[in-house]
Number of protein chains: 2
Amino acid sequence: MDTTQLLKGVLDLACLAALRDEDGYGYDILRRLRTAGLTEVGDASVYGTLRRLFNAGLLTTYVVPSDEGPHRKYYALNPAGRAELQRSGKVWHGFASTMDDLLRERETA
Amino acid sequence: MDTTQLLKGVLDLACLAALRDEDGYGYDILRRLRTAGLTEVGDASVYGTLRRLFNAGLLTTYVVPSDEGPHRKYYALNPAGRAELQRSGKVWHGFASTMDDLLRERETA
DNA sequence: CACACTACTTCGCGATGCGAAGTAGTGTCA
DNA sequence: TGACACTACTTCGCATCGCGAAGTAGTGTG
């Protein structure tokens with residue numbers, strides 16, 4: 001029961017959320033998520049997720065050369081991505097509140 | 001992004017929670033979880049999870065014959081199980097609130 | 001020149017939820 | 001009697017997905 005398993009299916013949502021207000025490239029999103037509290041997120045997971053979201057048609061991408069390091073592959077939410085963010089945000093909240101009920105439950109006679 | 005993926009790692013917790021107030025057998029726990037809102041939980045998943053929790057030393061088990069059907073394999077939380085329920089409940093809450101922050105985030109300047 | 005940091009990719013593994021199928025016991029309904 | 005449905009559990013193999021490790025490559029620092 002480490003956070004690894006909890007992340008399953010949620011990392012998509014987390015990446016979409018991290019892109020809501022601003023485009024970002026992989027390494028940066030990794031930092032955003034870790035800063036936000038998902039400290040144990042692996043780098044390969046984030047890169048993989050971004051690629052998956054892109055393949056699913058939820059993100060657009062463009063490469064920007066950097067003078068202080070390798071090029072950066074930026075990702076941005078497209079309309080489908082925003083819709084999906086909305087949608088899975090709701091699914092998540094529903095799920096989370098169901099779990100909270102379960103955990104709070106105590107002879108609900 | 002169906003609930004299947006969200007369940008990963010949480011089903012353990014859900015089963016432990018379902019056993020908190022009362023012993024139960026697989027089929028019954030399946031119903032408890034579905035009634036609680038986890039409508040899409042598969043039966044094999046629950047049986048498998050219970051076996052896993054048992055093998056992990058978190059549950060005890062005993063078989064009770066039934067006059068209205070096949071025998072029932074009851075499971076009960078032991079002290080280790082209760083401890084684990086506490087522990088992963090906290091992990092879950094922490095994780096959930098991190099996610100909520102992420103989803104709520106909006107140029108937190 | 002070794003090292004560290006940034007930035008991304010590829011590879012294969014492991015955990016876990018799931019559907020499908022099978023086995024069995026009971027009851028219902030034609 | 002035979003078909004079916006519900007209960008109750010098991011086994012099997014699949015698919016998803018996060019991860020660590022390794023590799024490549026660019027930049028800057030001691």
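Given the structure is predicted, the values throughout are model-derived calculations rather than measurements. (Residues numbered from 1 in each chain as written. Chains lettered and ligands numbered in written order. Predicted model: local features only at pLDDT ≥ 70, side-chain atom pairs only at ≥ 80, totals over all residues. Heavy atoms only, no water.)

Another aspect to go through is the protein's contact with DNA strand C. Around DNA strand C there are 28 residues in total, and Y27, R72 and K73 of chain A together with K8 and S45 of chain B lie nearest to it. Backbone polar atom of Y27 of chain A to a phosphate oxygen of DNA strand C: 2.7 Å apart, as the coordinates give it. Between K8 of chain B and DNA strand C, the recorded distance is 2.5 Å, taken from a side-chain N or O atom to a base oxygen. Contributing elements (two or more residues each) for the surface near DNA strand C: α3 (26–36), α4 (43–55) and β3 (72–77) of chain A together with α1 (3–7) and α4 (43–55) of chain B. The greatest single-element share of the surface near DNA strand C, amounting to four residues, is contributed by α4 of chain B. Classifying every residue of the surface near DNA strand C by side-chain character gives nine nonpolar, nine polar and 10 charged. (Near = heavy atom within 4 Å. Polar contact = N/O pair within 3.5 Å; in protein donor to acceptor, adjacent residues only side chain to side chain. Helix = DSSP H or I, 4+ residues; strand = E, 2+ residues; numbered from the N terminus. Nonpolar A, V, L, I, M, F, W, Y, C, P; charged D, E, K, R; others polar.)

By a simple turn and slide, chain A fits onto chain B: the slide is 0.0 Å along the axis, the RMSD is 0.1 Å, and the turn is 179 degrees. In short, the pair behaves as if placed about a two-fold rotation axis. Among all C-alpha atoms of chain A, that of K8 of chain A lies closest to the rotation axis, at 3.0 Å. (Least-squares fit on C-alpha atoms with pLDDT ≥ 70 in both.)

Moving on, we come to the nonpolar core. Counting 60 residues, the largest nonpolar core has L33 and W92 of chain A together with L33 and W92 of chain B as the members making the most contacts within it. Excluding anything up to four places from it in sequence, W92 of chain B contacts L6, W92, F95, A96, M99, D100 and L103 of chain A together with V10 and L13 of chain B. (Core = buried A, V, L, I, M, F, W, Y, C linked by side-chain atoms within 4.5 Å. Buried < 20%, exposed > 50% of the residue type's maximum accessible area, 1.4 Å probe, protein only. Contact = heavy atoms within 4.5 Å.)

Just geometry here; none of it tells us what the structure is for.
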